[in-house]
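# Inside the fold
Next come the chains, spelled out residue by residue.
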Amino acid sequence: MNADLVVVGSGFFGLTVAERIAEEFGRKVLVIDRRSHIGGNAFSEAEKTTGIEVHRYGAHLFHTSNERVWEYVNRFTAFTDYVHRVYTTHKGEVYPMPINLGTINQFFRSAYGPEAARELIKEQSAELGGKKPENLDEQGVSLIGRPLYEAFIRDYTAKQWQTAPTELPASIISRLPVRYTYDNRYFNDTYEGLPVDGYTKWIERMADHPNIEVQLGVDFFDESQPVSKGNVLGNVPVVYTGPVDRYFDYAEGELSWRTLDFEEEVLLTGDFQGTPVMNYADADVPYTRIHEFRHFHPEREYPTDKTVVMREYSRFATREDEPYYPVNTAEDREMLLKYRDLAAAEKNVLFGGRLGTYKYLDMHMAIGAALSMVDNKLAPHFATGTGIISGGVDA
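Rules and cut-offs
Residues numbered from 1 in each chain as written. Predicted model: local features only at pLDDT ≥ 70, side-chain atom pairs only at ≥ 80, totals over all residues. Heavy atoms only, no water. Helix = DSSP H or I, 4+ residues; strand = E, 2+ residues; numbered from the N terminus. Rg over C-alpha atoms; globule rule 2.2 N^0.38 Å. Buried < 20%, exposed > 50% of the residue type's maximum accessible area, 1.4 Å probe, protein only. Contact = heavy atoms within 4.5 Å. Pairing = 2+ DSSP bridges. Axes fitted to C-alpha atoms, helices over the stretch in contact; angles between N-to-C directions. Polar contact = N/O pair within 3.5 Å; in protein donor to acceptor, adjacent residues only side chain to side chain. Core = buried A, V, L, I, M, F, W, Y, C linked by side-chain atoms within 4.5 Å.

### Some points on the overall build of the chain
When helices and strands are counted, the chain shows 12 helices and 16 strands. Compactness check: the chain gives a C-alpha radius of gyration of 23 Å against a globular reference of 21 Å for 395 residues, within 12% of the reference. Overall, the C-alpha framework of the chain stretches about 70 × 55 × 35 Å when taken along its three principal axes. Taking all 395 residues of the chain together, 54% fall into the buried category. Taking contacts inside the chain between residues at least 6 apart in sequence as the whole, the part at least 24 apart equals 71%.

### Looking at the sheet that holds strand β6 (residues 86–90)
Spatially, the seven strands line up as an open sheet ordered β7-β6-β12-β13-β14-β11-β15, and their pairing is mixed. The open sheet terminates on both sides in strands that have one partner only, identified here as β7 (93–97) and β15 (325–326). Of the strand pairs in this sheet, strand β13 (residues 289–292) and strand β14 (residues 307–316) are connected by four bridges, and their pairing is antiparallel. Note on β14: the bridge partner recorded for Ile290 is Arg311. Helix α6 (residues 146–161) contacts β6, β7, β11 (257–267), β12 (277–280), β13, β14 and β15 of the sheet and is inclined by roughly 75 degrees relative to β14.

### Focus: the side chain of His63
Mapped onto the elements, His63 comes out in strand β5 (residues 62–64). Within the local environment of His63, its side chain forms a polar contact with the side chain of Asp189, the two groups lying 2.5 Å apart. For His63, the residues in contact, after removing those within four places along its chain, are Phe187, Asp189, Tyr191, Glu192, Asp362 and His364.

### Quick word on the environment of Val218
As for its position among the elements, Val218 is in the loop between β9 (212–216) and α8 (229–232). Classification of Val218 as buried rests on a relative accessible area of 11%. Expressed as a C-alpha distance, the spacing of Val218 and Phe43, which sit 175 residues apart in the sequence, is 17 Å. In this structure, Val218 is in contact with Ile32, Asp33, Arg34, Gln225 and Val227, ignoring residues within four places of it in sequence.

### Remarks on the nonpolar core
Val17, Phe62, Trp202 and Leu378 are the most contacted members of the largest nonpolar core, which totals 104 residues. Residue contacts for Trp202: discarding those within four places in its chain leaves Phe12, Phe62, Val73, Phe76, Thr77, Phe79, Pro195 and Ile367. In terms of nonpolar packing, the next biggest core, distinct from the first, is built from seven residues, Met278, Tyr280, Val285 and Val309 among them.

As structure tokens, then:
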């Protein structure tokens, strides 16, 4: 095998590692992915009949306050000046999110100023009387009060988790932001935007290096093909970004994941909802939100008589599904402790990314973590021959 490093998974974490090792150290990197396309869940492509760029695995919005990450990603793409704003439909009325002074005054049919709104939420969130919340339902009430929680959080969360909030642990929501201004910008980061030429072009530029080879449709666990776990381990260092429990063949049990299902439709209208993302907070609507992708790039010349929408549904994942979000129950954390020890005992294997570390990582966080892995784990190895300390899974 003509490779100095094998990277399993071609998402942002894996490709950042591959690009840095190829560029900084001139080493040969082989990137494999079991899917038919590069980029993991960030993959996007033009819908065939409209040319509108669709994020195949749900909307991806790039934002960061990390100067190093921002400088790094700008080597591969320019960004638009897109600013993400989200709205929620509740009982036939549209509200701005996250909850802000506009949401509060619209919901309560009032004209509160910031201080009066603070007092209102303080009063409503005191319902439990100092009792420690025992579940997500009580936690939500204690953070923002029952009226806002039941309108915008309770049923939406139940749809996301396919579980009643009274049965979910309070730890799932440590905070619910409320802004006492009319600012409805979704993110607070210094930098925000979308890649001018789309995510796939950005990703392809990261992989476009003479020292990087990408092989698609390759399953790391299929021992009938040459780039498999059995053939690679012990011969070439590995950066693994797939599900950590799958790597160990579920030896310590199956970690809990949420997955997403999507229902795409081309509509014969130039504009369906007037905004990129509309959340649906009520229990009688089965999907959690609708994406309308034309609004992510208003600068592009898209058709004026057609649009693409995608309804998003959430549920618990099975082994056959694409895992998206770690559920992270108390049982999961116990299992993760055991997987952490197994990962540390592997020889010349590093675990990274959302799936490999069982952490919720946004794109900028995954890229930042990959840069840190290169700095702290891989650079010493490729620069001076220092041994690789395996692991990367925290608990």
